[in-house]
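Below, each chain spelled out in residue letters.
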Amino acid sequence: MSKHKFNYKWYLKDGYPESNGLKVFGTFICGGGSTMGYKLAGFEHLGGVEIDPPIADVYKTNHNPKYLFIEDIREFAKRTDFPEDLYNLDILDGSPPCSSFSMAGNREKDWGKTKVFREGQAEQRLDDLFFDYIALAKKLQPKVVIAENVKGLIQGNAKAYVHRIKKEFEAAGYKVQLFLLNAASMGVPQKRERVFFICQRNNLNLPKLKMEFNEDAITFEKIDEGIIISKELSKGFLNNWENAKIGGSVGKFFSNQKVNPKDILNTIASGTYKFHWKQPREISKNEFCQCGSYPLDYNFKKIEPKYLIGMSVPPVMTAQIATEIYNQWFKK
């Protein structure tokens, strides 16, 4: 019998539990990692906003949302024609693009700059999109607002953004709690530390939320497919793989990892590589899915699985958070 509340190995075809009647709407929805997490926790997910048409198409295929807006969050936040459902939300959820705060990126060098990012086609400042999201929350006034971001947001000079974010949420009418959570302690086979702003509307007067997770670690050996038919590595990657230690970096990029089967997989990033420890190959689609707690029958279409999984909050991670919010704030 599993010691975990949610199964990291699952299928969309098996369906979701019965709805608890609470409604969620998402922004920056990408492949729908959070969407699936809310559904696994029993919430009704109405759909969301996504700037990238191919990604939105994948989202539509897998989730069949009631609402799907393919547009820039900046323009969406200015709308005056929202469906009535969106003014009666229990939770508004979003993961504003975070590459400018990641410790693996340029950080301060990119702050304040406009450029075209992979997350969309429009030129934009990623460090400002958080405040467009808060502006949307102020307009819709859901009971709860959740915003997820990288750990780098609470490190170094980025802490000034956290202070500003909290002030903006407070000005929008919300009490803010900030959590640093690790998916590895929440039943996900991946070390993924993320910051969550969880905000309650002022008039609700709910108790302080507690977020404590201590589920057993899930090491890579539990999902390892072993020796399989796979695409051969290029000469450069093969040479780096042969010289890498198990658990160590492959080549000069520390996030390109030769997996240690006795350890939990390091964070999956959309542009990095995870290599099998014994066979010279990238870890398989099924291995990526399980490490990201994505369903094994998810239809990625033409999008690379590791890109979507790397850009997503693991569904099981969201399901754990949503369950605690339900139990502590909504159940009574």
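The coordinates are above.
Values in this document were obtained by computation on a predicted structure and should not be read as measured data. Per-chain numbering applies: the sequence of each chain, read as written, is numbered from 1 onward. Reporting of local features is limited, given that this is a predicted model, to residues whose pLDDT is at least 70; pairs of side-chain atoms are given and counted only at 80 or more, and all residues count toward the totals for whole chains, interfaces and linings. As a convention, hydrogens and water are excluded, and side-chain values are obtained from all of the structure's heavy atoms.

Peer 1: Explain the pairing of strand 11 (residues 253-258) residue by residue, including any values.
Peer 2: For two strands to be treated as a pair, DSSP must find at least two bridges joining them. Secondary structure is summarised from DSSP: a helix means a run of H or I of at least four residues, a strand means a run of E of at least two, and numbering begins at the N terminus for each. Two elements, strand 10 (residues 249-250) and strand 11, share two bridges in a ladder whose sense is antiparallel. Across the sheet, residue S249 finds its bridge partner in strand 11, namely Q257. Here strand 11 runs beside strand 12 (residues 274-275); their pairing, made up of two bridges, is parallel. Looking at strand 12, one finds that Q257 is bridged to K274.

Peer 1: Which residues make up the pairing of strand 4 (residues 91-94), and what are the values?
Peer 2: Classification of residues uses two cut-offs on accessible area relative to the type maximum, computed with a 1.4 Å probe and protein chains only: under 20% is buried, over 50% is exposed, and between them is partly exposed. In strand 4, alternate side chains face the same way, and those of I91 and D93 on one face and L92 and G94 on the other are all buried. With four bridges joining them, strand 1 (residues 23-27) and strand 4 adopt parallel strand pairing. Within strand 4, the residue paired with G26 across the bridge is D93. Strand direction decides the pairing type here: strand 4 and strand 7 (residues 144-150), joined by four bridges, are parallel. By the bridge assignment for strand 7, L92 is matched with V145.

Peer 1: Describe the sheet that holds strand 8 (residues 174-182), and please don't skip the residues or the numbers.
Peer 2: Here we have seven strands laid out as an open sheet, ordered 3-2-1-4-7-9-8, and mixed in their pairing. Looking at which strands have only one partner, the edges of the open sheet turn out to be strand 3 (67-69) and strand 8. Going from strand to strand, the sheet's axes swing by 20° on average, the running direction of each strand aside. Examined bridge by bridge, strand 1 and strand 2 (residues 44-49) share four bridges and lie parallel to one another. The residue bridging V24 from the neighbouring strand is H45, located in strand 2. Axes here mean lines fitted to C-alpha atoms, for a helix over just the part in contact, with angles spanning 0 to 180 degrees between N-to-C directions.

Peer 1: Describe the packing of aromatic side chains, naming the residues involved and giving the relevant values.
Peer 2: For this analysis, a ring pair means two rings from Phe, Tyr or Trp (six-membered ring only for Trp) whose centres lie within 6.5 Å, classed as stacked if their planes differ by under 30 degrees, edge-to-face if by over 60, and tilted for the remaining angles. Within the structure shown, the criterion is met by 17 aromatic pairs. Plain terms: the ring middles of F130 and F197 are 5.5 Å apart, the flat faces sit at 80° to each other, and that makes the pair edge-to-face. Of the two residues, F130 sits in helix 4 (residues 126-140) while F197 sits in strand 9 (residues 193-201), which places them 67 residues apart along the sequence. Summarising the burial analysis for this pair, F130 and F197 share the class buried. Here Y294 and F300 contribute two aromatic rings whose centre-to-centre distance is 5.9 Å and whose plane-to-plane angle is 20°, an arrangement assigned as stacked.

Peer 1: Please give an account of unusual backbone geometry that cites residues and values.
Peer 2: At N205, a residue that is not glycine, the phi angle is positive and equals roughly 50°. Within the secondary structure layout, N205 lies in the loop between strand 9 and helix 6 (235-243). The backbone of S293 sits at a positive phi, close to 55°, despite the residue not being glycine. Position of S293 relative to the elements: it lies in the loop between helix 7 (285-291) and helix 8 (305-311). For S293, a relative accessible area of 0% translates into the label buried.

Peer 1: Tell me about the pattern of salt bridges, and please be specific about residues and values.
Peer 2: A pair is scored as a salt bridge if a Lys or Arg side-chain nitrogen falls within 4 Å of a carboxyl oxygen belonging to Asp or Glu. In this structure the tally under the stated criterion is 15 salt bridges. One salt bridge connects D81 with R79, and the closest N-O pair in it is separated by 3.0 Å. Across the pair R281 and E287 runs a salt bridge whose closest N-O atoms are separated by 2.9 Å. By relative accessible area, which is 0% here, R281 ends up buried.

Peer 1: Account for the sheet that holds strand 10, with residues named and values stated.
Peer 2: Pairing is mixed across the open sheet formed by three strands, whose spatial order is 10-11-12. In this open sheet, the two strands that pair with only one neighbour each are strand 10 and strand 12.

Peer 1: Give a description of the environment of T27 that names residues and reports values.
Peer 2: By the secondary structure assignment, T27 is in strand 1. Taking the relative accessible area as the measure of exposure, T27 reaches 2% and is therefore buried. Along the primary structure T27 and D72 are separated by 45 residues, whereas in three dimensions their C-alpha atoms are 9.9 Å apart. Not counting residues up to four positions away in its chain, the partners in contact with T27 are V49, I73, L92, D93, G94, S95, Y133 and L136. Note on contacts: a residue pair is in contact if any heavy atoms of the two residues lie within 4.5 Å.

Peer 1: With reference to specific residues and values, describe the side chain of T323.
Peer 2: Locating T323 in the fold gives a position in helix 9 (residues 315-330). A polar contact is formed between the side chain of T323 and the backbone oxygen of A319, at a distance of 2.7 Å. Each residue touching T323, except ones within four places of it in the same chain, is listed here: K5, F6 and A41. Here a polar contact means two N or O atoms within 3.5 Å. Within protein one must be a hydrogen donor candidate and the other an acceptor candidate, and residues neighboring in sequence count only if both atoms are side-chain atoms.

Peer 1: An account of the packing of helix 1 (residues 33-40) against helix 9 is needed here, citing residue identities and associated values.
Peer 2: Where helix 1 meets helix 9, the axes come as close as 7 Å, and the angle between the chain directions of the two elements is 45°. If you check the angle between helix 1 and helix 9, you find them oblique. Along this stretch, helix 1 crosses helix 9, giving a crossing that reads as right-handed. Contacts between helix 1 and helix 9 involve G33, S34, M36, G37, Y38 and L40 from the first element and P315, T318, A319 and A322 from the second. Orientation is classified from the angle alone, with under 35 degrees giving roughly parallel, over 145 giving roughly antiparallel, 65 to 115 giving roughly perpendicular, and any other angle giving oblique. With the far helix as reference, a near helix turned anticlockwise by less than a right angle produces a left-handed crossing, and one turned clockwise produces a right-handed crossing.

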